[in-house]
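Read off the chains here:
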Amino acid sequence: STNLLVGGNYEEDSFFILVNISLAFIILAIAYSLIMIRYLNKHISQKIVKIAGIAEELAIGNIDVELEVESKDEVGQLANSFSKMIDGIKEQAKVALAIAEGNLSIEYAPKSEKNKLGNALVKTIDGLDSIFDTFKVAAGQVNLGANQVSSGAQQLSSGATEQASAIEELASTVEDISKQAKD
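As a starting point, this report considers the structure included with it. Remember, it's a predicted structure, so these values are computed and weren't measured experimentally.

### Details of the overall build of the protein chain
Move 1: What the protein chain contains, in helices and strands, is three helices and zero strands.
Move 2: The N-to-C order of helical and strand elements in the protein chain reads α-α-α.
Move 3: In terms of C-alpha radius of gyration, the protein chain reaches 47 Å, well past the compact-globule figure of 16 Å for 183 residues.
Move 4: Total accessible area on the protein chain is roughly 14,800 Å²; 61% of this is exposed by carbon and sulfur atoms.

Quick look at the structure:
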């Protein structure tokens, strides 16, 4: 048999070639894995940094933020939950602003019993409604009392006028009697 390999030992040369090919595949696999890890790390980090930036804005009270959900992975789920939270905060801010402007007819239903701010807004609306209803009743009673006082004052004025007229008549009568007594 003819041996085409330089070393002359076919089995050793085959083993050497197999080891070299295996090492090349291992090196390529490691390189590919490192590239993928770096890419995924950068890709995920960018999304998380974006979410963190929006969280910082919310922390200082800025609710004019938008978060677009671009993926369905774990970071996408986090972004979606964050987006729902932002929408809830915006809705509660809208209700609070309406209350501050005196609009108590705004309707709001908290998402759950655990929603402390939402439940507090509902209690505030109900409490202010009750206070304003009490004010309306009190204003009606004050108006009624003012009308009664006005009516009483008119009656007193009328009575005083009648008494003044009666006193003038009495004075005139006394004067007439006094003239007749002198004559």
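### Describing the environment of Q77
Move 1: Examined against the element boundaries, Q77 turns out to sit in helix α2 (residues 74-100).
Move 2: Considering only alpha carbons, one finds Q77 and D133, 56 residues apart in sequence, at a separation of 46 Å.

### Description of helix α3 (residues 116-182)
Move 1: End to end, α3 covers 96 Å across 67 residues, agreeing with the expected 99 Å (1.5 Å per residue, within 8%).
Move 2: Taken together, the buried positions of α3 are occupied by G118, L121 and I125.
Move 3: Looking at the buried side of α3, the elements it contacts are α2.

### Some words on the pattern of salt bridges
Move 1: Tallying each qualifying case throughout the model produces three salt bridges.
Move 2: Across the pair K111 and E91 runs a salt bridge whose closest N-O atoms are separated by 3.4 Å. Of this pair, K111 sits in the loop between α2 and α3 while E91 sits in helix α2; the two residues are 20 residues apart in sequence, bridging distant segments of the chain.
Move 3: Exposure remark for K111: the relative accessible area of 66% places this residue in the exposed category.

### With respect to the packing of α2 against α3
Move 1: Orientation of α2 relative to α3, taken along the N-to-C sense of each, is 20°, at an axis distance of 10 Å. Taken together, the axis directions place α2 and α3 in an arrangement best described as roughly parallel. With respect to the hand of their crossing, α2 and α3 are arranged in left-handed fashion. Along the contact surface, α2 presents Q92, V95, A96 and I99, while α3 presents L117, G118, L121, T124, I125 and L128.
Move 2: Classifying every residue of the contact of α2 with α3 by side-chain character gives seven nonpolar, three polar and no charged.

How each quantity is defined
- Residues numbered from 1 in each chain as written.
- Predicted model: local features only at pLDDT ≥ 70, side-chain atom pairs only at ≥ 80, totals over all residues.
- Heavy atoms only, no water.
- Helix = DSSP H or I, 4+ residues; strand = E, 2+ residues; numbered from the N terminus.
- Rg over C-alpha atoms; globule rule 2.2 N^0.38 Å.
- Areas by Shrake-Rupley, 256 points an atom, 1.4 Å probe, with all protein chains shown as cover.
- Expected span 1.5 Å × (residues − 1).
- Buried < 20%, exposed > 50% of the residue type's maximum accessible area, 1.4 Å probe, protein only.
- Contact = heavy atoms within 4.5 Å.
- Salt bridge = Lys/Arg side-chain N within 4 Å of Asp/Glu carboxyl O.
- Axes fitted to C-alpha atoms, helices over the stretch in contact; angles between N-to-C directions.
- Parallel < 35°, antiparallel > 145°, perpendicular 65-115°, else oblique.
- Left-handed = near helix turned anticlockwise from the far one by under 90°.
- Nonpolar A, V, L, I, M, F, W, Y, C, P; charged D, E, K, R; others polar.

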